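# Observations on the three-dimensional arrangement
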Amino acid sequence: MLHCTRQEVWVIFVLIMITPFIACAGNPDVEKKQTGSHPILGFYERFISPVDGDRCPMHPTCSAYTREAVQRHGLFMGWIMACDRLVRCGRDETRISPDIIKNKERTTLDPVSANDFWWYKEP
Amino acid sequence: MNRTFLNPAIGRLVPPLPFILLFIPVILLTLLILDVNPGFGSEKKGIYIDADMQYEYAQQCFKDNDPSLALVELKRFTHFFPGDRRVPEALFLTGKAYYDLEKYGEAVKTFETFLFPFSEDSLVIESYFMMAKTFQKMGREGKAETVLQNLLLLTDEIATKDRVHSALGWMALKQSQSMDPRDLERAEVNINKITSARAQEYSKDRVNETISSIRQIKKKSPTIAGLSAVFPGMGFLYCERYQDALISFLLNTALILAAHESFDNGNPALGGAIAFVEAGFYAGNIYGSISSAHKFNLLSHQRNLELLERTVDPPL
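Residues numbered from 1 in each chain as written. Chains lettered and ligands numbered in written order. Predicted model: local features only at pLDDT ≥ 70, side-chain atom pairs only at ≥ 80, totals over all residues. Heavy atoms only, no water.

### Here we look at the overall build of chain A
- Looking only at helices and strands, chain A has 6 helices and 3 strands in total.
- The N-to-C order of helical and strand elements in chain A reads α-α-α-β-α-α-β-β-α.
- For chain A, with 123 residues in total, the buried portion stands at 43%.
- Residue pairs in contact within chain A that sit at least 24 positions apart in sequence constitute 67% of those at least 6 positions apart. (Helix = DSSP H or I, 4+ residues; strand = E, 2+ residues; numbered from the N terminus. Buried < 20%, exposed > 50% of the residue type's maximum accessible area, 1.4 Å probe, protein only. Contact = heavy atoms within 4.5 Å.)

Listed below in structure tokens is the structure:
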């Protein structure tokens, strides 16, 4: 019989919890062209996103959003904004923000500028 | 004996008489055609375009929503008929064509030619308004406002002053999306300066109504949202984002418990990694809550403005 310690159960639970967020992928073809400025993002866009498929209901996709946030505000704020976006992706935001048609599919427009307008002004 | 008064050598070159008789009608017919239609066979064929035809065609292009063609035709008009009385009007339309083509820099340059010396001529007044509109499109609201303020100082016409006040009021109303209450005050001051004679024309009451309804909007406080987010999900709940609140609560709780368990079971490496991930999501939860409050307020504000724009045409 398979025996798991409590710790192993927690690890599995955490991985299961995080999976839907990691799975928030964009169009692999598009993502490939946009070479990531950060090695982790680059790794995700090169190896994970193509396998996972184009399923993010938001525009820009979560990985593209993260890249833009990191480029605009640096790694620290970019990471926080990315985590915020992963929590919001595909939920209440689809009810609140405007829709656009991308690849013949309805997606929710939620760019970085719609989430940093209250503290950041583009130079 | 061969009797002839011509040299026999020349005589051989002259065609025989029946041949000449056959050609005479052909030559006459050709001359007749050339007389009736002088352009026939010449290089200058077609019609001659005068100033009226050229200007009417340029205007037609405008009416047909083809600003690029209108621009070409207007330039042709001002080039070939520089002395025509309609040249200033054509120049104004050129500026409008640039505006429609989103060539705002060129449009500003064109409208600028009308500003000095100032007169109450309709083209000059319209150029001030068009210039302000162009600056607004360029995102240079300050410049747009300065142009209108200058017009307000220069004009003596009450009708123009009313129009300027209406435009300034609307501009301040749009700027109030930055949530600065002073913009709403400016909008109100300008709208209330419109004289009662044109109050209906500029929908003074309807705009004032929108200003007061924007003031009455139940706003979400970003500070309260941020402070509530100390307990994961509560900030989103405060901003009426129920799904986000639930996900935020579950995810943060799970990660905190997982990190705690890992440290408890003597696995600090795993605990540290989970805590690192959790720190991002926790900070994201606070950031998202504050951001959601700002977005909530902006959206309510925009809804009121959209309602106003649906019923009233903005003056600019």
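Moving on from the model shown.
### A closer look at the side chain of B:N252
- Relative to the assigned elements, B:N252 resides in helix α14 (residues 242-264).
- Its relative accessible area of 0% is what places B:N252 among the buried residues.

### A look at a nonpolar patch on the surface
Residue and element names in this part refer to chain B.
- Together, F231, M234, L237, Y242, L246, F249 and L250 give the surface a local cluster of nonpolar side chains, amounting to about 680 Å² of exposed area.
- Within the residue set of the nonpolar patch, elements represented by two or more residues are α13 (234-238) and α14.
- The element best represented in the nonpolar patch is α14, accounting for 4 residues.
- Structurally, F231 can be placed in the loop between α12 (222-228) and α13. (Patch = residues over 30% accessible without salt bridge, like charges linked within 9 Å, V, L, I, M, F, W, Y side chains within 5 Å. Areas by Shrake-Rupley, 256 points an atom, 1.4 Å probe, with all protein chains shown as cover. Salt bridge = Lys/Arg side-chain N within 4 Å of Asp/Glu carboxyl O.)

### Focus: the pattern of salt bridges
- As enumerated under the stated definition, the model contains 23 salt bridges over all chains in all.
- Residue B:D84 is joined to B:R86 by a salt bridge in which the shortest nitrogen-to-oxygen separation is 2.9 Å.
- Here the salt bridges do not stand alone but share partners, grouping A:D84, A:R85, A:R88, A:E93, A:D110, B:R241, B:D244 and B:K295 into one network.

### Focus on the packing of aromatic side chains
- Applying the stated criterion across every chain, the model contains 12 aromatic pairs over all chains.
- Ring plane angle 40° and centroid distance 5.4 Å describe the contact between A:W118 and B:Y287, whose orientation is recorded as tilted. A residue pair is termed interchain when its members come from two chains, as with A:W118 in the segment after α6 (113-116) and B:Y287 in helix α15 (residues 268-311).
- Through successive ring pairs, a cluster of aromatic residues spans A:W118, A:W119, A:Y120 and B:Y287. (Phe/Tyr/Trp six-rings, centres within 6.5 Å; stacked < 30°, edge-to-face > 60°.)

### Focus on the sheet that holds strand β3 (residues 105-109) of chain A
All names here are of chain A.
- One open sheet accounts for 3 strands, arranged β1-β3-β2; its pairing is mixed. Strand pairing shows two members of the sheet lacking a second neighbour, β1 (58-59) and β2 (99-102), which therefore form its edges.
- Bridging between β2 and β3 involves 4 bridges; their strand directions are antiparallel. The partner of I101 across the bridge, within β3, is R106. (Pairing = 2+ DSSP bridges.)

### A word on the interface of chain B and chain A
- With 32 residues of chain B in contact, the opposing surface of chain A contributes 30 residues.
- Here chain B and chain A share an interface that buries about 2,800 Å² over both sides, 71% of which is from carbon and sulfur atoms.
- On the surface where chain B and chain A come into contact, there are 3 salt bridges.
- Residue A:D110 pairs with B:K295 through a salt bridge whose shortest N-O separation is 3.4 Å.
- Scanning the region where chain B abuts chain A turns up 12 residue pairs in polar contact (both at pLDDT 80 or more).
- At the level of secondary structure, the elements contributing two or more residues to the side of chain B that touches chain A comprise α14 and α15 of chain B.
- It is α15(B) that provides the largest number of residues to the side of chain B that touches chain A, a total of 15 residues.
- Classifying every residue of the side of chain B that touches chain A by side-chain character gives 18 nonpolar, 9 polar and 5 charged. (Buried area = accessible area lost by both parts, 1.4 Å probe. Polar contact = N/O pair within 3.5 Å; in protein donor to acceptor, adjacent residues only side chain to side chain. Nonpolar A, V, L, I, M, F, W, Y, C, P; charged D, E, K, R; others polar.)

### Observations regarding the pairing of β3(A)
- Strand direction decides the pairing type here: β1(A) and β3(A), joined by 2 bridges, are parallel. Directly across from A:H59, in β3(A), lies its bridge partner A:L109.

### Structural notes on the packing of helix α8 (residues 141-154) of chain B against helix α9 (residues 158-175) of chain B
All names here are of chain B.
- In contact at an axis separation of 10 Å, α8 and α9 are set at 160° when each is read in the N-to-C sense. By the angle between their directions, the pair α8 and α9 is classed as roughly antiparallel. At the point where α8 passes α9, the crossing takes the left-handed sense. On α9, the residues touching E141, A144, E145, L148, Q149, L151 and L152 of α8 are T160, K161, V164, H165, A167, L168, M171 and Q175.
- Grouping the amino acids of the contact of α8 with α9 by side-chain chemistry returns 8 nonpolar, 4 polar and 3 charged. (Axes fitted to C-alpha atoms, helices over the stretch in contact; angles between N-to-C directions. Parallel < 35°, antiparallel > 145°, perpendicular 65-115°, else oblique. Left-handed = near helix turned anticlockwise from the far one by under 90°.)

### Description of the environment of B:Y128
All names here are of chain B.
- Mapped onto the secondary structure, Y128 falls in helix α7 (residues 122-137).
- The exposure class of Y128 is buried, given its relative accessible area of 2%.
- Separated by 36 residues in sequence, Y128 and V164 have C-alpha atoms that sit 9.8 Å apart.

### Overview of helix α3 (residues 39-52) of chain A
All names here are of chain A.
- Over its 14 residues, α3 extends 19 Å from the first C-alpha to the last, a length consistent with the 20 Å expected when each residue adds 1.5 Å.
- Of all the bends in α3, the greatest measures close to 35° and is centred on E45.
- For α3, the set of buried residues is L41, Y44, E45 and S49. (Expected span 1.5 Å × (residues − 1). Bend = angle between axes of the 7 residues up to and from the residue.)

### Concerning the nonpolar core
Residues and elements named next belong to chain B.
- The biggest cluster of nonpolar side chains holds 41 residues, and the ones touching the most others in it are L74, F129, M131, L148, V164 and L316.
- Looking at this core, the elements that each hand over two or more residues are α3 (51-63), α4 (67-80), α5 (87-100), α6 (104-115), α7, α8 and α9.
- Sorting elements by how many residues they give to this core places α7 first, with 9 residues.
- Apart from residues lying up to four places away in sequence, M131 is in contact with V108, F111, E112, L115 and V147. (Core = buried A, V, L, I, M, F, W, Y, C linked by side-chain atoms within 4.5 Å.)

Read these as geometric descriptors, not functional statements.
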